[in-house]
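Analysis of the macromolecular model
Single-letter residue listing:
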Amino acid sequence: DAGVIQSPRHEVTEMGQEVTLRCKPISGHNSLFWYRQTMMRGLELLIYFNNNVPIDDSGMPEDRFSAKMPNASFSTLKIQPSEPRDSAVYFCASSFQGNQETQYFGPGTRLLVL
Amino acid sequence: RKEVEQDPGPFNVPEGATVAFNCTYSNSASQSFFWYRQDCRKEPKLLMSVYSSGNEDGRFTAQLNRASQYISLLIRDSKLSDSATYLCVVSGTGGFKTIFGAGTRLFVKA
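Since the structure is predicted, the reported quantities are computational estimates derived from the model, not experimental observations. (Residues numbered from 1 in each chain as written. Chains lettered and ligands numbered in written order. Predicted model: local features only at pLDDT ≥ 70, side-chain atom pairs only at ≥ 80, totals over all residues. Heavy atoms only, no water.)

Time to look at the state of the cysteines. The bond known as a disulfide is covalent and runs between the sulfur atoms of two cysteines. All names here are of chain B. Evaluation of the coordinates by the stated rule reveals two disulfides over all chains. Two residues, Cys-23 and Cys-88, share a disulfide whose sulfurs are 1.9 Å apart. Across the disulfide from Cys-23 to Cys-88, rotation about the S-S bond amounts to roughly -70°, and the bridge is consequently left-handed. Here the residue Cys-23 occupies a position in strand 3 (residues 19-25), and Cys-88 occupies one in strand 9 (residues 84-91), the gap between them amounting to 65 residues. Of the two residues, Cys-23 and Cys-88, both sit in the buried class. (Disulfide = S-S within 2.5 Å. Helix = DSSP H or I, 4+ residues; strand = E, 2+ residues; numbered from the N terminus. Buried < 20%, exposed > 50% of the residue type's maximum accessible area, 1.4 Å probe, protein only.)

Given below as structure tokens:
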């Protein structure tokens, strides 16, 4: 079975550019999570969708970040404009239902903003 | 005080040793608890859920103490392949978002 799929796996961009990260959750999972991981701050939840609806976006750092889930099999995290401090590994995870069940993580997107 | 706190380590142990990690959480309304494992430059993966009665999976034992608000992970007979970062995870309902601890690094040496 395919796990969570993320693309791109690596992204290098210049400050000010728009970055779009993509995620395909495990089929049949109703919840999707976007996380950011850095050495300084560890793994932080950015936003959590349930049945394609954003439930908690309190972790989204600022207006430069936006996330969408147009259907059950696809989500995007967009940063516009990007800044060097956005450099991190961005993980997408999915679970069958809610945040109290096992979350399955994708391989992550390593973002470097120059 | 951080919502979920772990000793960052690193723990350096020889093969065959027993090692224990603790994790404390601040929100008494927390309902679900997990240990995840993350290898270098990889994604986190579930190691085990933690139940009130405690649970065991082979060489791994997890315990939950709600009164003192901590969870623990015990690894017996450590293997080289156990070298990784172990993340404590706490979550709940009603707007309680999932919170990962900063992780405890374990190095098992031959």
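Still more to cover.
On the chain A side, the residues contacting the 18 residues of chain B number 18 residues. Roughly 1500 Å² is buried in total at the junction of chain B and chain A, and carbon and sulfur atoms are behind 46% of that figure. Connecting chain B to chain A are zero salt bridges. In this assembly, chain B and chain A are joined by four residue pairs in polar contact (both at pLDDT 80 or more). Top element by residues in the side of chain B that touches chain A is strand 4 (residues 32-38) of chain B. It accounts for four residues. Looking at side-chain class alone, the side of chain B that touches chain A contains six nonpolar, eight polar and four charged residues. (Contact = heavy atoms within 4.5 Å. Buried area = accessible area lost by both parts, 1.4 Å probe. Salt bridge = Lys/Arg side-chain N within 4 Å of Asp/Glu carboxyl O. Polar contact = N/O pair within 3.5 Å; in protein donor to acceptor, adjacent residues only side chain to side chain. Nonpolar A, V, L, I, M, F, W, Y, C, P; charged D, E, K, R; others polar.)

Honestly, it's all geometry; don't read function into it.
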